[in-house]
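Chain and residue survey
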Amino acid sequence: MSRPAIDLHTHSTASDGTLSPAELVLAAADAGLDVVAITDHDTTAGWDAAVRALPPGLTLIRGAEISCRWHGIEPAVPLHLLAYLFDPDHPELVTELARVRLAREVRGERIVELLRADGVDISWPEIMAAAGGGTVGRPHIAAALIRAGLVATTTEAFGADWLGERYRLPKEDVDVFRAVELIRAAGGVPVFAHPRATRRGRIVPDELIVELAAAGLAGLEADHEDHSPAEAAHVRALAAELGLLVTGSSDFHGTHKTVRLGAHTTAPEAYERIVAAASGVTGVASG
Ligand code: AMP
Ligand code: FE
Ligand code: FE
Ligand code: ZN
């Protein structure tokens, strides 16, 4: 029997993906995946719909991608932690995620105000409506810029003239050490998403990853489209040194990105370690 195909990082319309949670799990099965994780930004809102729509033979890992910040240097560095199989009702985690989602809305509206002050005719209420209740982010503003005919692609909207620099504002994220602590307290398993992706912006030093490993970080995402082969190799070596598990994932966002489901995958051994370490939601959901 061939090894199962496991993709542990995908987004739905519960955040900045373009497929609904139900469409996402059906697309995952069509793509030939055996295991898929739903990891929307700062929310578990897509979990139930994804479980309900699970097709036979597909296993769902319930997760989230948490917006974090490291305050060890000035200005603080944003980073993403994937959290798997945590208790979605853990009170402090619920509070923290709600706070981050609200901070995203405050920041999004301010970005739109800056754009409008420069004569760009896009509307925040329209962007919120298009997000349909999902966690809002810059990709939703990018979509409005595309609808207005100002840029052709999401990639162009993330360029320096637009959301990548000129109209980029920080958001209030979760302190990364607090996030690791909260994910563990909720029975979840924290994995550092695309830790070495220099093309996305500033990255954190390896010394921080050493500290996070001591604080309870379980793994590092190595294979990801934003890592060069050298960056992925560096992450793998660091993980081996620290005894951390290694994942690979598509970070699928539907049409907000060009990457396909299953473009990168995780070895069954690493997946088993995640499942064994989790105690938040009971077991994994299978269709
Ligand atoms: P935000 O969470 O609002 O800061 O926006 C970051 C999100 O935008 C990421 O999760 C990606 O989905 C997306 N993103 C970041 N950089 C790019 C890029 N260069 N092209 C397309 N999407 C991007
Ligand atoms: Fe995203
Ligand atoms: Fe991310
Ligand atoms: Zn992601």
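Anyway, here's the lowdown on the structure attached to this text. The shown structure was predicted, so the numbers you read here are calculated from the model rather than taken from an experiment. All residue numbers refer to position in the chain's written sequence, counted from 1. Chain A is the first chain written and ligand 1 is the first ligand written, with later ones labelled in order. Since the coordinates come from a predicted model, pLDDT governs what is reported: local features require at least 70, and pairs of side-chain atoms require 80 or more to be given and counted, while whole-chain, interface and lining totals use all residues. The side-chain numbers reported here are obtained from all heavy atoms of the structure, hydrogens and water having been left aside.

Here we look at the site of ligand 1
The following threshold applies: Being near a molecule or strand, for a residue, means having at least one of its heavy atoms within 4 Å of it. Any N or O atom pair separated by 3.5 Å or less is treated as a polar contact, with the protein-specific requirement of one donor-capable and one acceptor-capable atom, and with residues adjacent in sequence counted only for side-chain atom pairs. For every accessible area listed, the method is Shrake-Rupley and the probe measures 1.4 Å; residues are considered covered only by the protein chains on display. A cavity here means a set of 1 Å grid points, computed over protein atoms only, where a 1.4 Å probe fits but cannot escape. A pocket is an open set with protein on both sides within 12 Å along at least 5 of 7 lines, and lining residues have an atom within 4 Å of a point. Pocket or cavity membership: a molecule qualifies when more than half of its atoms sit within 2 Å of the grid points of that site. Gly is placed with the polar residues, together with every amino acid not listed as nonpolar (Ala, Val, Leu, Ile, Met, Phe, Trp, Tyr, Cys and Pro) or charged (Asp, Glu, Lys and Arg).
Neighbouring ligand 1 are 13 residues, the closest being His41, Arg104, Arg107, Arg138 and His253. Measuring from an oxygen atom of ligand 1, one finds a side-chain N or O atom of Asp16 at 3.1 Å. Within the side chain of Arg104, a nitrogen or oxygen atom sits 3.0 Å from an oxygen atom of ligand 1. Calculation on ligand 1 without its partners gives an accessible area of 490 Å², and the protein chains cover 84% of this total. At a threshold of 2 Å from the grid points, most atoms of ligand 1 map onto the largest pocket. The residue makeup of the shell around ligand 1, split by class, is two nonpolar, four polar and seven charged.

What to know about the coordination of the iron ion (ligand 3)
For clarity, the cut-off: Because water is not among the atoms used, a metal site may look incomplete, as its donors are only the N, O and S atoms within 2.8 Å, or 3.2 Å for Na, K and Ca. Starting at the N terminus, helices and strands are each numbered in turn, a helix being any DSSP run of H or I of at least four residues and a strand any DSSP run of E of at least two. Partly exposed residues are those whose accessible area sits between 20% and 50% of the maximum for their type, while under 20% is buried and over 50% is exposed, using a 1.4 Å probe and protein chains only.
The protein atoms that coordinate the iron ion (ligand 3) are Glu65 (OE), His80 (ND1) and His194 (NE2), at distances of 2.0 to 2.2 Å. Ordering the donors of the iron ion (ligand 3) by residue number gives the pattern E-x14-H-x113-H. For the pair the iron ion (ligand 3) and the iron ion (ligand 2), the metal-to-metal distance amounts to 5.6 Å. Of the two residues, Glu65 sits in strand β3 (residues 59-70) while His194 sits in the loop between β6 (189-192) and α8 (206-215), which places them 129 residues apart along the sequence. For the pair formed by Glu65 and His194, the shared burial category is buried.

Some words on helix α1 (residues 21-30)
The cut-off we apply is this: The directions considered for the arc run from the helix axis to the C-beta atoms.
Residues of α1 that are buried: Pro21, Leu24, Val25 and Ala28. Buried positions in α1, seen along its axis, are confined to an arc of 95 degrees and lie on one side of it. Phi for Gly32, located one or two positions after α1, is positive at around 85 degrees.

Digging into the environment of Ile122
As a reminder, the rule being used: The contact definition used throughout considers only heavy atoms, calling two residues in contact when any of these lie within 4.5 Å.
Take Ile122: it is sitting in the loop between α3 (91-117) and α4 (124-131). The exposure class of Ile122 is buried, given its relative accessible area of 4%. In this structure the C-alpha to C-alpha distance between Ile122 and Ala144, which are 22 residues apart in sequence, comes to 6.4 Å. Not counting chain neighbours up to four residues away, the residues in contact with Ile122 comprise Val112, Leu115, Arg116, Ile127, Ile141, Ala144, Leu145 and Ala148.

A short note on the packing of α4 against helix α5 (residues 138-147)
Which entries qualify depends on this criterion: Structural elements are reduced to axes, namely lines fitted to C-alpha atoms, with helices fitted over the stretch in contact, and the angle between N-to-C directions of any two is expressed from 0 to 180 degrees. Oblique is the label for any angle not covered by the other classes, which are roughly parallel (under 35 degrees), roughly antiparallel (over 145) and roughly perpendicular (65 to 115). Here is the rule for handedness: rotate from the far helix to the near one, and if that takes an anticlockwise turn smaller than a right angle the crossing is left-handed, while a clockwise turn gives right-handed.
Packing of α4 against α5 leaves a shortest axis separation of 10 Å and a crossing angle of 115 degrees. Taken as axis vectors, α4 and α5 run roughly perpendicular relative to one another. As for the relative orientation of α4 and α5, their crossing is right-handed in sense. Residues Glu126, Ile127, Ala130 and Ala131 of α4 pack against His140, Ile141, Ala144 and Arg147 of α5. Here the contact of α4 with α5 is built from residues that sort into five nonpolar, one polar and two charged.

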